[in-house]
Amino acid sequence: LVVRNTSDHAERYDLYSEDNSWGLSFSTLQTPVLNPGDEFIVSAFVTIPGGGGSSDTALVSARSVLDGGTRAFTYITTSVPESESRVTAQLGDCV
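Residues numbered from 1 in each chain as written. Predicted model: local features only at pLDDT ≥ 70, side-chain atom pairs only at ≥ 80, totals over all residues. Heavy atoms only, no water.

Caption draft 1: The pattern of salt bridges, seen in detail. By the definition in use, this model includes 3 salt bridges. Note that Glu39 and Arg4 form a salt bridge whose closest N and O atoms lie 2.6 Å from each other. You can see Glu39 sitting in strand S4 (residues 39–41) and its partner Arg4 sitting in strand S1 (residues 2–4), a full 35 residues away along the chain. Owing to a relative accessible area of 45%, Glu39 belongs among the partly exposed residues under this scheme. (Salt bridge = Lys/Arg side-chain N within 4 Å of Asp/Glu carboxyl O. Helix = DSSP H or I, 4+ residues; strand = E, 2+ residues; numbered from the N terminus. Buried < 20%, exposed > 50% of the residue type's maximum accessible area, 1.4 Å probe, protein only.)

Caption draft 2: Expanded view of the nonpolar core. Listed in full, the 11 residues of the largest apolar core are Val3, Tyr13, Leu15, Leu24, Phe26, Leu34, Val42, Ala58, Val60, Ala62 and Ile76. Secondary structure elements with two or more residues in this core: strand S2 (13–18), strand S3 (23–26) and strand S6 (55–64). No other element matches S6, which puts 3 residues into this core. Apart from the residues within four sequence positions on either side, Leu34 is in contact with Val3, Asn5, His9, Ala10, Glu11, Tyr13, Glu39 and Phe40. (Core = buried A, V, L, I, M, F, W, Y, C linked by side-chain atoms within 4.5 Å. Contact = heavy atoms within 4.5 Å.)

Okay, structure coming up:
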């Protein structure tokens, strides 16, 4: 996820996830101070329950620490094909 400060002042953002059933965590829960136009990359990690053949959608948002009301959001949908009971990766793969 890329968090970009589109305001006209330096700002910090808190990250949230809502409306999801599967576990979702972030590499950090708050960005560093971002000057106008600056970007910060945050990784999202989803814990997929066993069983395969299902999906989950999370509402992910970044909210202004300064005013608590300014918010941008997106949806992340994670799906596991019916034929997959687990996800595997070898060193060097991007997952």
